[in-house]
Amino acid sequence: MPELLPYQDRELSVERRTEDLMSRMTVEEMVGQLVQADGRKQAAEQVRDGRVGSFLHILGPTTLELQKLAEKTGLGIPLLFGIDAIHGHGFWEGATVFPTQLSLSCSWNPELLEVMGRITAKEMLCTGLHWTFSPVLCLARDMRWGRVGETFGEDPHLLGVLGKALVRGYQGNSISDPDSVIACAKHFAGYSETVGGRDASEAELSERKLRTYFLPPFHEMVKAGCKSFMTAYQCIDGVACVVNRWLLTDVLRGEWGFQGFVVTDWNNVGRTHTEQGLYASIEEAVPPSLRAGNDMIMVTPEFYDAALSQLRKGKLAKEDVELACRRVLSHKFEFGLFDHKRYPPLNKVPEVVGSPQHREPLLRCALESIVLLKNERPENASKRILPLSSNIRHLALLGPNADDILAQLGDWSFGSGQAGLNTGGHPRHLVSTVRDGVREKARTRAITVDYERGCDVMSDDLSHIARAAELAAACDVAIVVVGDVLAQIGETRDRYELDLTGGQMPLLEAVKKTGTPLVVVLINSKPLCIPWVAEHADAIIEAFNPGMRGGEAIAEILFGEANPMGKLTVSFPAAVGQQPVYYQQIPGWHGNKHNNYTNKPLFAFGYGLSYTTYTSDRLELSRRELRRGESVEVSVNVKNSGGRPGTEIVQLYLNDVFSSLSTPEKTLKAYQRVHLERGQTETVRFQLTPEDLSFIGRDGRPLTEPGEFEVMVGSSSRDEDLLRARFTLLDE
Ligand code: BGC
């Protein structure tokens, strides 16, 4: 056996091994480690030349071939393979595709996020991938933005809870664990707040606003041990996030103690020159990018040569390269790439990827996430159409999204624009659409189903609507599945309107005219403006992109085999121009609204119905006066006052009634999911800690002021759903 060099010796510490390896490296090799390249272009060549440390967007056998090649070069430094496995390993044919982040967030259930992370990690590793660019911690406040569906919604607290669980799922106890992959918190920071919802345009954010809403979820990811962060594309107050040293180093590493590594977003460095007009050349953008705190540069093909040239000219400090390289290598060591190698067990793919055990939680994920938005007949408010009555014998299933697997699975799966990995699609039999789900339930109940797509989401062809209406007229109920399609969502696909496009409105109107009860099912990436539907439908089910078993789940809810329990994590505007309607509004003058329109969302954050009813009372505080540093216990009785068991999501909001700086009227501080049998009452208790009472001051630090606080507890963020009580923080 040849003697091991210190860096090859797994008995030594990561630090020792990293230093030893670095001491053997040329500066060219170090710069190579900072490069993340698009694996679809001349990958082998780049490996041979030592110009790359990581690839993205390749899968399977190619990763193994490249890894073996890397091991034969110079010091044999292994490659790190990254991919966007955002809601499952969606770019691998037949992998387990979960509901999207927005969809799954409506479960408010961190356990499900952890399950998704674990399963995704296993499927990724089996196919050669190490690192997923997930979770997304962007705050969704402008529904025009194309990437709303990639987020956990609009609330910072909820983003933190769900994001942490997903990181736990991906990384397990440690990234050294052979079952774990590396998570990546993105896009750091403020990316979603781009002006007009136009992807990657400048975000108008003050430091105070950033620290109040946008940074806290990312801070939670550091606390959860998330090993990597990705920068955001846009500028904040003139500074591109990718060169923002305050953000990437002072806050992230200095204040929060982040120990992981930072990757730029795709061509983030290059675009400071080509798009943002910040540097006269890409070469000029390289030193500030590294100095800011980036460790790996995703797909800026000019980076490698530019960095070496800047080093030669003395414009880039070697220490900056070393620091970044050290961080990249120490993670390769920690991840076990030098030792257990993580060669993908490709022969296990058929057994692991998309296995029955992995697919099993898909149904629960969809069931817990689906939100019942309306269940009240416009002509007779006390009548409910859902769950469907056992007297129904004949139903019409209509609409363009009733049987469209791409629309159902959503972004970051086959058919979505980003990766171009599309070698086909997910096998049809692995996806249950609403059509499949309804057909199955109807079969066992001897119900006849007439299906007609009726129209298209993107074309104005109305020629099939008459046929659809004819079917509806002859049925006991019409279920119309509408929403959006991939061409309308995702990166760079922002919208100036949020309508049900193509023939969808004419289809709905035609069905309504028949007088047959109308159930609308929404399969869409994000909230659309649907005031007509809210007024005229007899019931509305929002599923967003509910994953591979979404159709089954929707059918279970339609037929009453399951009781809906999801609640919205994002508010629905009634009209595009009414935005923003997120619940965390700052009180303003003059009603805070447009003169000719309500400021109320069509459906509010935290809202969601059930087939049972819940009644809350006895909101109590353990004390009415608090001294600094003291906590208060809040309790409320919640009763299942309806006819079937269910799970209620009890939410607690707080308002610092008078504060020296403007603060929101409601901020979610805590929530609990409570399962209640029929007639059961539970006392739900929350602790409000001193930290909960603070807000961010002008100096960027938390500030707590004496005075009155209002606690609001209830079933949604709407005033009418909340019980209220006040306490005072004493002035000492
Ligand atoms: C997106 C990132 C993604 C990356 C790699 C970028 O365009 O903004 O979210 O992780 O591409 O696919």
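Residues numbered from 1 in each chain as written. Predicted model: local features only at pLDDT ≥ 70, side-chain atom pairs only at ≥ 80, totals over all residues. Heavy atoms only, no water.

Trainee: Please explain the domain arrangement of the protein as it appears in this structure.
Mentor: A common measure of how large an interface is: the accessible area buried when the components associate. Here the protein is described as being made up of domain 1 (359-572) and domain 2 (614-729). Each of domain 1 and domain 2 was reduced to a C-alpha centroid, and the two centroids are 35 Å apart. Listed as interface residues are 8 residues of domain 1 and, on the opposing side, 9 residues of domain 2. Looking at the side of domain 1 facing domain 2, the largest losses of area belong to Asn-563, Met-565 and Lys-567, adding up to 76% of the total buried there. Linking domain 1 with domain 2 are 2 salt bridges, by the criterion used here. A salt bridge links Lys-567 to Glu-648, with the shortest nitrogen-to-oxygen separation between them at 2.9 Å. In this assembly, domain 1 and domain 2 are joined by 5 residue pairs in polar contact (both at pLDDT 80 or more). Looking at the side of domain 1 that touches domain 2, its residues break down into 3 nonpolar, 2 polar and 3 charged. (Domains from an automatic or database assignment. Contact = heavy atoms within 4.5 Å. Buried area = accessible area lost by both parts, 1.4 Å probe. Salt bridge = Lys/Arg side-chain N within 4 Å of Asp/Glu carboxyl O. Polar contact = N/O pair within 3.5 Å; in protein donor to acceptor, adjacent residues only side chain to side chain. Nonpolar A, V, L, I, M, F, W, Y, C, P; charged D, E, K, R; others polar.)

Trainee: Help me understand unusual backbone geometry in this model?
Mentor: Residue Phe-188 is joined to Ala-189 through a cis peptide bond whose omega torsion reads 0°. Among the secondary structure elements, Ala-189 is positioned in the loop between strand E5 (184-188) and helix H8 (207-214). Cis geometry is found at the peptide bond from Leu-386 to Pro-387, where omega equals -10°. Secondary-structure assignment places Pro-387 in the loop between strand E11 (371-375) and strand E12 (394-398). Phi at Arg-618 takes a positive value of approximately 50°, unusual for a residue other than glycine. For Arg-618, a relative accessible area of 53% puts it in the exposed group. (Helix = DSSP H or I, 4+ residues; strand = E, 2+ residues; numbered from the N terminus. Buried < 20%, exposed > 50% of the residue type's maximum accessible area, 1.4 Å probe, protein only.)

Trainee: Which parts of the structure should I look at to understand the nonpolar core?
Mentor: If you look at soluble globular proteins, the nonpolar side chains tend to sit buried side by side. Membership of the largest hydrophobic core comes to 182 residues, with the highest contact counts inside it found for Phe-55, Phe-188 and Phe-229. Three or more residues apiece are contributed to this core by two domains, here domain 1 (359-572) and domain 2 (614-729). Look past the residues within four positions of Phe-229 in its chain and what remains in contact with it is Cys-184, Ala-185, Phe-188, Phe-218, Met-221, Val-222, Leu-252, Trp-256, Phe-258, Phe-261, Val-262 and Val-263. With 33 residues, the next largest nonpolar core counts Leu-395, Val-434, Ile-447 and Tyr-611 among its residues. (Core = buried A, V, L, I, M, F, W, Y, C linked by side-chain atoms within 4.5 Å.)

Trainee: Any chance you could explain the packing of aromatic side chains here in plain terms?
Mentor: Aromatic ring pairs are reported here in terms of the distance separating the ring centres and the angle at which the planes meet. Inspection of every chain in the model, using the stated rule, returns 22 aromatic pairs. Ring geometry for Phe-91 and Trp-412: centres 6.2 Å apart, planes at 70°, overall edge-to-face. Residue Phe-91 is located in the loop between strand E3 (80-83) and helix H5 (101-105), and its partner Trp-412 is located in the loop between helix H17 (405-409) and helix H18 (434-444); the two are separated by 321 residues in the primary sequence. On the numbers, 5.7 Å between centres and 50° between planes, the contact of Phe-218 with Phe-229 is tilted. With Phe-218 in helix H9 (residues 216-223) and Phe-229 in strand E6 (residues 228-231), the pair connects residues that are 11 residues apart, well separated along the chain. Given the relative accessible area of 1%, Phe-218 is considered buried. Judged by relative accessible area, which is 0%, Phe-229 ranks as buried. Taken together, the ring pairs in this structure connect Trp-108, Tyr-583, Phe-605, Tyr-653 and Tyr-671 into an aromatic cluster. (Phe/Tyr/Trp six-rings, centres within 6.5 Å; stacked < 30°, edge-to-face > 60°.)

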